[in-house]
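# Structural overview
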Amino acid sequence: MRITRAYCVELDDVVTIDAARRAYLSCDPRPPRFRFLCSSPDCRAAEVKVTAVNYMFNSEEGTKQVAAHFRENPAHTHLQGCEWVLLEHADQADVRRPHETDEQTVQRRLRRKLTDLVTGFDPRLADDRVIAPGEGNGVEGRIRANGVPGAQRPDVDRQDDVRTRDLHRLVETFVEARERLTSEQRNELMLNVTGVGTLKLVDYFRRLQFCDAYTRDRVIFGGATLEGRYGVGVRLQVVEGSVNR
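### Let's talk about the overall build of the chain
Helix and strand counts for the chain stand at seven helices and 15 strands. Split into buried and exposed, the 245 residues of the chain put 42% on the buried side. Within the chain, counting contacts between residues at least 6 apart in sequence, those at least 24 apart form 57% of the total. Carbon together with sulfur atoms contributes 50% to the accessible area of the chain, which is approximately 13,600 Å² in total.

As structure tokens, then:
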């Protein structure tokens, strides 16, 4: 069962796994762990627990691990009216849903292979703001950000539209896609980037050796050492040579 948000007892809020990680890492001192219940009101009232994986630390570069995510707790059964049970049944059908395009059907099938695929990324930082009461989704269609340290706009706008401002979470999606999907499948995954538009997920990430001074609006990755700073730019040494940015 794919669960993208849960109720955190300590935060008294419905959060995404990334919001839970930010909140946990900002605690001083840090508790042993957070406790999570299902986000559906009836399941939460019945204290149906949800398990959170890999949210207690940041991923380390070069370390292969499962992306942070929520999953069903095998000791707890979700009620029939639970939103995640309904979504699971809907997702199991390979046929196109009503009002769904062929492209949306392809994207949904690919997403089932990943822990939590991000479909939209907003790299803007200057206009970050705390969510006002009544905005976003979550319990009864709302995600409340009050009580979550550093919470921004909701990560989940709709059930099938997972947006984030967190670069770490986007990178986890990219890494997981490279590990779990074929090259043909990776080339079909699309990402909507605020200020850029919709493009292939793999095209938003550019290896350093293929970048130049005109590379803009991309996530640049690859090993390099800093050789020097030149005004607003830098000179980096990579395996194939050097590149100015």
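Let us keep going from here.
### Brief notes about the nonpolar core
Ranked by size, the top nonpolar core spans 23 residues in total, and within it Val15, Phe34, Phe36, Cys38, Val50, Tyr55 and Phe70 carry the most contacts. At five residues, the largest contribution of residues to this core is made by helix H1 (residues 17–26). By size, the runner-up hydrophobic cluster in this structure holds 17 residues, among which are Leu117, Phe121, Phe174 and Val193.

### Details of the side chain of arginine 186
Here arginine 186 lies in helix H6 (residues 183–186). No salt bridge forms around the buried arginine 186; measuring N to O, its nearest opposite-charge neighbour glutamate 184 is 7.4 Å away. A polar contact is formed between the side chain of arginine 186 and the backbone oxygen of arginine 178, at a distance of 3.3 Å. Setting aside residues no more than four positions away along its own chain, arginine 186 makes contact with Ala177, Arg178, Leu181 and Val202.

### Focus on the state of the cysteines
Taken as a whole and judged by the stated rule, the model has zero disulfides. Summary of cysteine pairing: cysteine 27 is not part of a disulfide, and the nearest cysteine sulfur, belonging to cysteine 8, is at 8.6 Å. Overall, the relative accessible area of 25% leaves cysteine 27 in the partly exposed class. The structure places no disulfide on cysteine 43, whose sulfur is separated from the nearest cysteine sulfur, that of cysteine 82, by 4.0 Å. Judged by its relative accessible area of 1%, cysteine 43 is buried.

### Topic: the confidence of the model for the chain
For the chain, per-residue confidence averages 75 on the pLDDT scale, and 73% of positions sit at 70 or higher. Across the chain, the element-wise mean pLDDT spans from 41 in strand S7 (residues 156–158) up to 96 in strand S3 (residues 36–38). Note that pLDDT drops below 50 for residues 126–159; the model gives that stretch 77 contacts with residues more than four away or on any other chain.

### Brief notes about the pairing of strand S14 (residues 233–238)
Bridging between strand S13 (residues 225–230) and S14 involves five bridges; their strand directions are antiparallel. Within S14, the residue paired with threonine 225 across the bridge is glutamine 237. The turn linking S13 back onto S14 is made up of two residues, and glycine 231 within it adopts a positive phi angle of 65 degrees.

### Topic: the pattern of salt bridges
Scanning the entire structure with this criterion turns up eight salt bridges. Three or more residues joined by partner-sharing salt bridges are found here, namely Asp18, Arg21, Arg22, Asp166 and Glu172.

### Description of the sheet that holds strand S1 (residues 5–8)
The strand order across the open sheet formed by three strands is S2-S1-S3, and the pairing between neighbours is antiparallel. The sheet is open, and its two edges are formed by strand S2 (13–16) and S3, each paired on a single side. Averaged over all adjacent pairs, the angle separating strand axes in this sheet is 45 degrees, with direction ignored. Sheet analysis places S1 next to S3, joined by three bridges and oriented antiparallel. Note that in S3 the partner of cysteine 8 across the bridge is phenylalanine 36. Seen against the sheet, H1 touches S2 and S3 and runs at an angle of roughly 105 degrees to S2.

### Here we look at unusual backbone geometry
With an omega of 0 degrees, the peptide bond between aspartate 28 and proline 29 qualifies as cis. Structurally, proline 29 is set in the loop between H1 and S3. Of note, the phi angle at aspartate 12 is positive, near 50 degrees, even though the residue is not glycine. Tracing the backbone through its elements, the reader meets aspartate 12 in the loop between S1 and S2. The backbone of asparagine 54 shows a phi angle near 60 degrees, a positive value even though the residue is not glycine. Turning to its location among the elements, asparagine 54 is positioned in the loop between strand S4 (50–53) and strand S5 (69–72).

### Comments concerning the packing of aromatic side chains
All told, the structure shown has 10 aromatic pairs when counted by the stated rule. The interplanar angle of 90 degrees and the centroid separation of 6.2 Å between the aromatic rings of tyrosine 204 and phenylalanine 205 together place this pair among those described as edge-to-face. In this pair, the class of tyrosine 204 matches that of phenylalanine 205, namely buried. Ring-pair connections join several aromatic residues into one group, and the members of that group are Tyr24, Phe34, Phe36, Tyr55 and Phe70. Over the ring of tyrosine 7 we find arginine 44; its NZ or CZ atom is 4.2 Å from the centre of that ring.

Rules used in this analysis
- Residues numbered from 1 in each chain as written.
- Predicted model: local features only at pLDDT ≥ 70, side-chain atom pairs only at ≥ 80, totals over all residues.
- Heavy atoms only, no water.
- Helix = DSSP H or I, 4+ residues; strand = E, 2+ residues; numbered from the N terminus.
- Buried < 20%, exposed > 50% of the residue type's maximum accessible area, 1.4 Å probe, protein only.
- Contact = heavy atoms within 4.5 Å.
- Areas by Shrake-Rupley, 256 points an atom, 1.4 Å probe, with all protein chains shown as cover.
- Core = buried A, V, L, I, M, F, W, Y, C linked by side-chain atoms within 4.5 Å.
- Lys, Arg positive; Asp, Glu negative; His and termini not counted.
- Salt bridge = Lys/Arg side-chain N within 4 Å of Asp/Glu carboxyl O.
- Polar contact = N/O pair within 3.5 Å; in protein donor to acceptor, adjacent residues only side chain to side chain.
- Disulfide = S-S within 2.5 Å.
- pLDDT = per-residue confidence, 0-100.
- Pairing = 2+ DSSP bridges.
- Axes fitted to C-alpha atoms, helices over the stretch in contact; angles between N-to-C directions.
- Phe/Tyr/Trp six-rings, centres within 6.5 Å; stacked < 30°, edge-to-face > 60°.
- Lys NZ or Arg CZ within 6 Å of the ring centre and 35° of its normal.

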